Amino acid sequence: MSDSEAPRGGPTAVTAVRNSVFLGVYLAVAAHPKVPFTVVELAVRGITAGAAATRWVLEVGKPSLDGFTLADKLIDPGDREDQLVGLWQAYRSGEVDAAALETRLAEIVTAMEKWPSVPKELAADFSGRHG
């Protein structure tokens, strides 16, 4: 899918792929039968932080930043995604125990929660939209 094929105002293929990786890993973490509930809570916070980051890119970053500046800003979430995938793979293979999973996941989620999000005035405008 090219930018011209994406719905107006909708995610590009790159954004959609990034979002699906974060979401897929967080859902796998939350659904795993052996993770503590505190890890499930972190996964849910991660889903929320990932969604807020995607909204910021689409509603603030793309309209207001040039491509190079936006690309530079996207390095951090890309690094977080790599950390998340690596952490989940390490947990699944037994290299990381539940306590380390929780600690490292908390670091990733907290960093994503601090990443730019949609300003309140845009969030209020967005909440009134449908579709």
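Whatever comes next refers back to the structure up there.
No experiment lies behind these values; they were computed from the predicted model shown. (Residues numbered from 1 in each chain as written. Predicted model: local features only at pLDDT ≥ 70, side-chain atom pairs only at ≥ 80, totals over all residues. Heavy atoms only, no water.)

### Remarks on the environment of V96
Stated formally: Where helices and strands are cited, they refer to DSSP runs of H or I of at least four residues and of E of at least two residues respectively, numbered from the N terminus. Whether two residues touch is decided by their heavy atoms; if any such pair falls within 4.5 Å, the residues are in contact.
Following the sequence through the fold, V96 ends up in the loop between α4 (75-92) and α5 (98-114). Those residues within four positions of V96 in sequence are excluded, and the remaining contacts are L87, A90, Y91, L101 and R104.

### A closer look at the pattern of salt bridges
Side-chain pairing between opposite charges can occur once the charged atoms of the two side chains come close. Where we set the bar: What makes a salt bridge here is a side-chain nitrogen of Lys or Arg within 4 Å of a carboxyl oxygen of Asp or Glu, nothing more.
On inspection of all chains with the given rule, the structure shows three salt bridges. Between D76 and R80 there is a salt bridge, with its nearest N and O atoms 3.4 Å apart. In this pair, D76 and R80 both sit in helix α4, four residues apart, roughly one turn of the helix.

### Examining the packing of helix α2 (residues 37-64) against α5
Packed helices, taken two at a time, are described by the angle their axes make and the gap between the axes. We apply this condition: Only C-alpha atoms enter the line fits that serve as axes; for helices the fit covers just the stretch in contact. Angles between N-to-C directions range over 0 to 180 degrees. The scheme is simple: roughly parallel for angles under 35 degrees, roughly antiparallel for over 145, roughly perpendicular for 65 to 115, oblique for anything else. Crossing chirality is assigned from the near helix's rotation relative to the far helix, an anticlockwise turn below a right angle marking it left-handed and a clockwise turn marking it right-handed. Any residue outside Ala, Val, Leu, Ile, Met, Phe, Trp, Tyr, Cys, Pro, Asp, Glu, Lys and Arg is labelled polar, Gly included; the first ten of those are nonpolar and the last four are charged.
Contact geometry of α2 with α5 gives a least axis separation of 9 Å together with a crossing angle of 25°. When the interaxial angle is binned, α2 and α5 end up roughly parallel. Judged by the twist between their axes, the crossing of α2 over α5 is left-handed. Contacts from T38, V39, L42, A43, R45, G46, A49 and A53 of α2 reach α5 at L101, E102, L105, A106, V109, T110, M112 and E113. The residue makeup of the contact of α2 with α5, split by class, is 10 nonpolar, three polar and three charged.

### Here we look at the environment of D97
Using the following cut-off: For the purposes of these results, a polar contact is taken to be a pair of N or O atoms within 3.5 Å, where, inside protein, one atom must be able to donate a hydrogen and its partner to accept one; residues adjacent in sequence count only when each atom of the pair is a side-chain atom.
If you trace the backbone, D97 turns up in the loop between α4 and α5. When the C-alpha atoms of D97 and V35 are compared, they prove to be 9.6 Å apart, with 62 residues separating the residues in sequence. A polar contact is formed between the side chain of D97 and the backbone nitrogen of A100, at a distance of 2.8 Å.

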